[in-house]
Each structure stands twice: as structure tokens, then as C-alpha cells.
Amino acid sequence: MATVFLCLGCAAQANSPELDQRIERQVRIYLSEKITPTVNITVGPRTPSADFPGYDKVAITLSHGGRKQDLDFLVSKDGTKLVRAIKWDISKDPYAELMKKIDISGRPVRGNKDAKITIVNFDDLECPFCSRMHEQLSKDVLKMYGDKVRIIYKDFPLTEIHPWATHAAIDANCLAAQNNDAYWEFADYTHANQKQLSADMKPPFAQQFAALDKTALEIGQRRSLEAGPLQACIKEQKPLQVAASMKEGNELGISATPTLFINGEEIDGAAPINEVQAAVNRALRDAGEPLPMAAMETKQPAKNKDEPPASK
């Protein structure tokens, strides 16, 4: 049935059912790797496009389970061509705008705290692919770039598949509250000993929690931290800091670990070192910094990532 949609006095033109069908099918093919068959696609009416002569704007609405997303397309006046319409505002630096959304205040730093290149890693201490990335960052990247980079971790435990990851993140933050190096020693230990920590896992995971707490307290003792506050922090297991970091990650669209942001450029998964290098090299170039000779040698581990079960 034909409908008319009025927008601030500008009349919109309804499509024929046959055109709506062709548009829907084309969009399903275009988005086939991103949506499931249960997603509903609604084709909106056409409105004139001021930017693209010969085309009308048409909004495509994806809906599923109460959630909706609108995508803008262009359809030719004669109804024979469909174009995905994406307009970017390039008046601002998108990398800088993204970094503004990541709160790194008070987070432990590995490398030069005053470096121009910031590598933020949304990390899960129980994630095997995070362990691979952790080794690359703590060894390869620091060796290649030295004082030109600073590495900062944010908490993003995948609680659906990693039962002790949140507990580990809280213990790490308890150490970080008193000592930067204590945090990194704990991060090194957990990433290197994931298999040992995960042995004989069964609810309520008391064995894993006890092992994590014991390691954190031992590190605190070696680093001469104040035992009382550390013990209280570990015992309380307050999740507020971890929850805030996870909320931030969700708002950034993160769904898997590890996820890096190198001065705002995102790298998803345990990317091979040459991909990390390429992003760091671009950041150095943009900052007017020379490229270290050591950065020319590369290793290329397989790319992968850890993510919770999800629909297509």
C-alpha cells in the first residue's frame, strides 16, 4: 500500500512494492556476512538528494529483537541503481576523537610515560590470544621502539567464556593502586600461566581465585607494598573499575580481545607483528618522529582473537 511521509514540509516518494523487494534483496546480499536471516529489513520512502543529482535518498532499517539500525542508501531516479551512501565529517581527526573516549588516567604504563605514541590494549588476562599479543607488546614492540611508545592496558574480560578473568583484573588493579611495576609483573604472570591457572576448572572456581590472590600477595610482598590495603582490596573484589572499563569498551564497539588502539588506529585480534608495526610506523610518521632501525625486522605470528559466542 502506498504511503506518504512528510519531513519538515518536504514530500517523500513511496517506492513500488517491486522496487522495495529488489532493494531488500540487494541489501541482504550486501550484508550477508553481517546479519542473519532473522533480521527484518524495511525500505523507507525516497527523498530528493541535494548532494547527488539523479539519485534519491532512501533509509534502510534493520530490526531484530527490539533493536534497530538505520543505513542510508541512494537509489537512482529510474530505480535501476542502488548506492551505499556514507558521508564522513573530515573537519576533525577521527583518531584523536576516538582517543578522547578512552580514559587512561591512572592506568599503569609500560615504556616511556611521555611518549608520543600510545598503544592502548583492551585485554583479558585469561584470553589465549591476548597472551600472544601481550608477548608481542612486552617484548617485540618495546624492543623495536624503545622510549618512543607507551603501552597501557584496559580491562575487558569476556565473562561468558573466561570465568577467572574478572577476578584477575581486579587483583591486577589492586596492585596497580600501589605500584606500576607490580601490575605488570602480575600481567606477565597471568598471561604466561593461563593453562596452569585454568587446569581442573569447575565452579565456583575457588582454586583459580585462590591461586590468583596468592600470586598478587606474593608480588605485593616482593615489591614492599602496604600489605593491609592490598589484602583488603583483594578480599573485597570490588568490580567498579573493571565494569567502567568494560562499559567504555562496549561504547567503542569492542566485542573481542585483544583490541588495540595505536594513537587511535584500531587493530582487532592478535594481529601479526607487521600489522602492529605498520600502525606504529604511521603514528610515528604523523608525530614527526624518526623510525628506529630495529623496527625494520619483523615476525609474523598467526592472526586470531577471542570472542564470546555471538550470532552471525
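Parameters at a glance
Residues numbered from 1 in each chain as written. Predicted model: local features only at pLDDT ≥ 70, side-chain atom pairs only at ≥ 80, totals over all residues. Heavy atoms only, no water. Disulfide = S-S within 2.5 Å. Helix = DSSP H or I, 4+ residues; strand = E, 2+ residues; numbered from the N terminus. Buried < 20%, exposed > 50% of the residue type's maximum accessible area, 1.4 Å probe, protein only. Expected span 1.5 Å × (residues − 1). Contact = heavy atoms within 4.5 Å. Core = buried A, V, L, I, M, F, W, Y, C linked by side-chain atoms within 4.5 Å. Pairing = 2+ DSSP bridges. Axes fitted to C-alpha atoms, helices over the stretch in contact; angles between N-to-C directions. Salt bridge = Lys/Arg side-chain N within 4 Å of Asp/Glu carboxyl O.

(A) Expanded view of the state of the cysteines. Applying the stated criterion across every chain yields a total of 1 disulfide. A sulfur-sulfur distance of 2.0 Å marks the disulfide that ties Cys 174 to Cys 233. Taking the torsion about the sulfur-sulfur bond, which here is approximately -80°, the covalent link between Cys 174 and Cys 233 counts as left-handed. Of this pair, Cys 174 sits in helix α4 (residues 165–176) while Cys 233 sits in helix α8 (residues 227–236); the two residues are 59 residues apart in sequence, bridging distant segments of the chain. Here Cys 174 falls in the buried class, since its relative accessible area comes to 2%.

(B) Helix α7 (residues 206–222), seen in detail. A rise of 1.5 Å per residue sets the reference length of α7, with its 17 residues, at 24 Å; its end C-alpha atoms lie 24 Å apart and thus fit the reference within 8%. For α7, the elements touching its buried residues are α4, α5 (180–192), α6 (194–197) and α8. Looking one or two residues beyond α7, the residue adopting positive phi is Ser 224, at roughly 60°.

(C) Geometry of the nonpolar core. The biggest cluster of nonpolar side chains holds 53 residues, and the ones touching the most others in it are Ile 119, Phe 186, Phe 261, Ile 262, Val 276 and Val 280. In this structure, Phe 261 is in contact with Leu 98, Met 99, Ile 102, Thr 118, Ile 119, Val 120, Phe 122, Leu 252, Ile 254 and Glu 266, ignoring residues within four places of it in sequence. Among the nonpolar cores identified, the runner-up in size contains 14 residues, and Leu 19, Val 43, Val 58 and Leu 62 belong to it.

(D) Seen up close, the sheet that holds strand β5 (residues 67–76). Sheet architecture is open: 4 strands sit in the order β3-β4-β5-β6, paired in antiparallel fashion. Both edges of this open sheet fall to β3 (40–48) and β6 (82–84), since each of them pairs with a single strand only. Between one strand axis and the next, the sheet turns through 35° on average, direction left out of account. Taken together, the 7 bridges between β3 and strand β4 (residues 55–64) define a ladder with antiparallel strand orientation. By the bridge assignment, Val 43 is partnered in β4 with Ile 60.

(E) Structural context of the pattern of salt bridges. Scanning the model with the defined rule gives 19 salt bridges in all. Residue Glu 18 pairs with Arg 22 through a salt bridge whose shortest N-O separation is 2.5 Å. Taken together, the residues span about one helical turn, with Glu 18 and Arg 22 both in helix α1 (residues 17–30) at a distance of 4 residues. Assessed through its relative accessible area of 39%, Arg 22 is described here as partly exposed. A salt bridge links Glu 289 to Lys 148, with the nearest nitrogen and oxygen atoms 3.1 Å apart.

(F) Molecular detail of the sheet that holds strand β10 (residues 259–262). The strand order β7-β9-β8-β10-β11 describes an open sheet built from 5 strands, whose pairing is mixed. The open sheet has two edge strands, β7 (109–111) and β11 (265–268), and neither has a second partner. Sheet twist, expressed as the average angle between the axes of neighbouring strands with direction ignored, equals 20°. Direction of pairing for strand β8 (residues 117–123) relative to β10: antiparallel, over a ladder of 4 bridges. Its bridge partner lying in β10, Asn 121 is registered against Leu 260. This element, helix α9 (residues 240–251), spans β8 and β9 (149–155) of the sheet and lies at about 105° to β9.

That's the geometry; what it means functionally is another story.
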